[in-house]
Structures are given as C-alpha cells and as structure tokens.
Amino acid sequence: MSQAPLLYTVEDGVACITLNRPDSLNSFNTEMHAEMRKALKAVRQDSSVRALLLTGNGRGFCAGQDLSDRSVAPGEQAPDLGESLEKRYNPMLRALKDMPFPTICAVNGVAAGAGANIALACDIVLAARSASFIQAFCKIGLIPDSGGTWTLPNLVGMARAKGLAMLGDKLTAETAEQWGMIWRCVDDGVLQEEAMNMARHLATQPTRGLALIKRALHASSDNSFNEQLDLERDLQRLAGRTEDYREGVSAFIEKRRPTFKGE
Ligand code: T3D
C-alpha cells in the first residue's frame, strides 16, 4: 500500500499538516494537492482549531512541483502551467494566507520552488539550521509562483528578491533569519518541539484579535498610511468587541492570567 502523501492531526487546538513524500523531498503531485485541499478545508471548518502548523517529513520540507509529472516529449504539447496555478497552487496559497488564526511553518530541510514560497506564506516561519530556501524556478525557465513575486520583495526588499529569483542560489536558514525573511532559525534537534510549543501557545491566545492583526498587516502593502489608519480604526472596533478583549482587560485589572477562548 502506498503511504499517505500528507499527514493530518489536531491536538490542543493545533492542526498539524505534515507533507509526506520524503523520497521526492515532499514535492507536490496531483494526489498531494488533493489531500492538501482536503486538509486545508478541514482545518478551516474545525472550530476547535486555533493554530496551524505546517512541516515536512524526512530531510526536505518541500521541493515544489513534482517535476516527474512535467517532462514533455518532443512534439508533445506542454502542460498549461497557468491552469495548474489557477486550479491547485493559488487556491492553496489563498487558503493558507486567509486562515483566521496563526499559521506556523517548521521548515525542516530544503524548501525549493513552490515549497519555499508556501513556507514563506505562513505567518511565522521557523527553520532548522540545516534548512535552506531556493527560488529554483529560474533554473528551469519559470518565474517564482505561489506568491513568491509578492512575498519576496515584501520580506527582503527588491534587490534581494531579484537576486534570489534570478540566480536561484541556495539561501541558508541563518541568512534567511539575518535578512528578516523568516522569524527564526533554530537547531535541527529542537525545531519540531519549538514549533509545536509556539503553535500551542498561539492556540491559547485571542484568536480573533490575531486574525485581525493578520488582516491589517496583509493590507498594509496596498494601503497609504492614511488608509491604514482608517483600517486600524475599523479593525480595532471589531477587536474591542471580542470576549477575549474583555477577558484580557479583566485579567490585567485583577492581576491574574487571562483565559482566552478565541471568541
Ligand atoms: O508545474 C506547475 O504546476 C507550475 C508550478 C511550479 C511550481 C514549482 O515548484 S516549479 C520548481 C520545481 N522544483 C524544483 O525545480 C526543485 C527541484 N529539486 C532540486 O533542485 C533539488 O532536488 C533540491 C535543490 C531541492 C535538493 O537537492 P539535493 O541534492 O539535496 O537532493 P536531490 O538528490 O536533488 O533530490 C533527492 C530526491 O528527490 C531525488 O530523487 P532520487 O534521485 O533520490 O530518486 C530527486 O529527483 C527528488 N526530487 C527533488 N526535487 C524534486 C524531486 N522529484 C520530483 N520533483 C521535484 N521537484
């Protein structure tokens, strides 16, 4: 029996998706895309989930598209990659980006092609010290997808985004941290524990407030300062009406630890 291309668990308010095709560095084939779609739908519909952890099995995080599905014999028509993005990658990236709670990526090894940009689409990226990020697209004549052409300049600036995208060089996790591309790089042996601890912590925090933080930060690159002030006004109004805000203030006044319900 072939192994499941993706593992999915929910515990302590944390949904964990593990990419599980280690022999091909967890590259995406059609079956894995289908499983990912199902898992992201399940995460979104499970009201007990307040954080998502994404990671990979084996020595790689994800090597992007499975290229063994992409070789074209002479005379054969090339696959429509636009359709592939429209049907598979873009919905996945939108679903990840729009999760109404924090998404954490534990990059356990090389993250290449779409794999790099899927990781970088998560809210908080922790990487093993031995991990690396490669915008491998240019080496096979493609452009960075899975949001890379938006995410990279936003995270590291245009000069570095162009260098990464056009040279396709390997960026170590340590440099990624120094450049502000990821939150933190940690020793390999503690990556999964640290990522899970962070996910468990976030799953006990004011979930609706965290979702509003994401909305505000995501909107910032399209907004002027004045527009962003207006958005902050609107979102703070919503945050101020949550049960968790009430609880946060009460706990502060009563000098006790708050118990947030994500409501
Ligand atoms: O097509 C569309 O739908 C459009 C969307 C495109 C999105 C994309 O992601 S395009 C970019 C696709 N990805 C790549 O170009 C990366 C290809 N892989 C690599 O460059 C290297 O494997 C790595 C730099 C990631 C790692 O190198 P290394 O030396 O550590 O490992 P390796 O020996 O190359 O790979 C280990 C195995 O995984 C190997 O299989 P084998 O020889 O042990 O049987 C290799 O073939 C396999 N593998 C790695 N990446 C892929 C892959 N198999 C299929 N597809 C892959 N992407």
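Residues numbered from 1 in each chain as written. Predicted model: local features only at pLDDT ≥ 70, side-chain atom pairs only at ≥ 80, totals over all residues. Heavy atoms only, no water.

Looking at an unreviewed UniProt entry, one finds the chain named 2-(1,2-epoxy-1,2-dihydrophenyl)acetyl-CoA isomerase PaaG, with Halomonas qaidamensis as its source organism. We quote the UniProt Sequence similarities (unreviewed entry) comment for the chain here in full: "Belongs to the enoyl-CoA hydratase/isomerase family." (UniProt positions renumbered as here; feature names shortened; annotations may be inferred.)

**What to know about the sheet that holds strand E4 (residues 60-62)**
Adjacent strands of a sheet pair through backbone hydrogen bonds, lying either parallel or antiparallel. In spatial order, the strands read E4-E6-E8-E9; together these four strands make up an open sheet with mixed pairing. In the strand order of this sheet, the two ends are held by E4 and strand E9 (170-172), each with one partner. Put simply, the sheet's adjacent strands are angled 20 degrees from each other on average, direction ignored. (Pairing = 2+ DSSP bridges. Helix = DSSP H or I, 4+ residues; strand = E, 2+ residues; numbered from the N terminus. Axes fitted to C-alpha atoms, helices over the stretch in contact; angles between N-to-C directions.)

**Observations regarding helix H9 (residues 225-239)**
End to end, H9 covers 20 Å across 15 residues, agreeing with the expected 21 Å (1.5 Å per residue, within 8%). Within H9, burial applies to Gln 228, Leu 231, Leu 235 and Ala 239. In a view along the axis of H9, the buried residues occupy a sector of 80 degrees, so they form one face of it. At its buried positions, H9 is contacted by helix H8 (207-220) and helix H10 (243-253). (Expected span 1.5 Å × (residues − 1). Buried < 20%, exposed > 50% of the residue type's maximum accessible area, 1.4 Å probe, protein only. Arc of directions from axis to C-beta. Contact = heavy atoms within 4.5 Å.)

**Looking at helix H2 (residues 81-97)**
Largest kink in H2: about 40 degrees, centred on Tyr 89, with the proline Pro 91 one to four residues after it. All of the buried residues in H2 are Ser 84, Tyr 89, Met 92, Leu 93 and Leu 96. Lining the buried residues of H2 we find helix H1 (30-45), strand E3 (51-56), strand E5 (103-107), helix H3 (114-120) and H8. For H2, the capping residue at the N-terminal end is Asp 80, with a side-chain oxygen 2.9 Å from the backbone nitrogen of Gly 82. (Bend = angle between axes of the 7 residues up to and from the residue. Polar contact = N/O pair within 3.5 Å; in protein donor to acceptor, adjacent residues only side chain to side chain.)

**Concerning the domain arrangement of the chain**
The domain boundaries assigned to the chain delineate domain 1 (6-203) and domain 2 (207-254). One C-alpha centre belongs to domain 1, the other to domain 2; they are set 27 Å apart. Contact with domain 1, which involves twelve residues of that partner, is made by six residues of domain 2. Approximately 740 Å² of surface area, both sides summed, lies buried where domain 1 meets domain 2, with 52% of it carried by carbon and sulfur atoms. Summed over the three residues of domain 1 that lose the most area to domain 2, namely Arg 50, Lys 97 and Trp 150, the buried surface amounts to 43% of that side. Residues Lys 214 and Asp 123 are paired through a salt bridge, measuring 2.8 Å at the closest nitrogen-oxygen approach. Our count for the domain 1 to domain 2 interface comes out at four residue pairs in polar contact (both at pLDDT 80 or more). When residues of the side of domain 1 that touches domain 2 are traced back to their parent elements, those giving at least two are H2 and helix H4 (148-156). Residue composition of the side of domain 1 that touches domain 2, grouped by class: seven nonpolar, two polar and three charged. (Domains from an automatic or database assignment. Buried area = accessible area lost by both parts, 1.4 Å probe. Salt bridge = Lys/Arg side-chain N within 4 Å of Asp/Glu carboxyl O. Nonpolar A, V, L, I, M, F, W, Y, C, P; charged D, E, K, R; others polar.)

**Some words on the pairing of E5**
The element E5 is extensively covered by neighbouring structure, given that five of its five residues are classed as buried. Neither face of E5 is open: one carries Thr 103, Cys 105 and Val 107, the other Ile 104 and Ala 106, and all of them are buried. Bridge analysis of E3 against E5 gives four bridges, and the strand direction is parallel. From the neighbouring strand, Leu 53 faces E5, where its bridge partner is Ile 104.

**Let's talk about the sheet that holds strand E2 (residues 14-19)**
In spatial order, the strands read E1-E2-E3-E5-E7-E10; together these six strands make up an open sheet with mixed pairing. Across the chains shown, the open sheet's two edge strands, defined by having one partner strand only, are strand E1 (6-11) and strand E10 (184-186). Put simply, the sheet's adjacent strands are angled 20 degrees from each other on average, direction ignored. Looking at chain direction, E2 and E3 are connected through six bridges and run parallel. By the bridge assignment for E3, Ile 17 is matched with Leu 54.

**Observations concerning the site of the ligand**
Neighbouring the ligand are 25 residues, the closest being Gln 65, Leu 67, Arg 70, Ser 84 and Ala 114. In the environment of the ligand, an oxygen atom lies 2.9 Å from a nitrogen or oxygen atom belonging to the side chain of Arg 59. Contact with the protein chains removes 64% of the 1,000 Å² of surface that the ligand exposes when unbound. Only H2 and strand E6 (110-112) provide two or more residues apiece to the shell around the ligand. Residue contributions to the shell around the ligand peak at four residues, all from H2. (Near = heavy atom within 4 Å. Areas by Shrake-Rupley, 256 points an atom, 1.4 Å probe, with all protein chains shown as cover.)

**So, the environment of Ala 121**
For Ala 121, the position within the fold is in the loop between H3 and strand E7 (124-128). In the structure, Ala 121 is positioned 30 residues away from Thr 151 in sequence and 7.2 Å away in space, judged by C-alpha atoms. When sequence neighbours within four positions are dropped, the list of residues in contact with Ala 121 reads Leu 93 and Lys 97.

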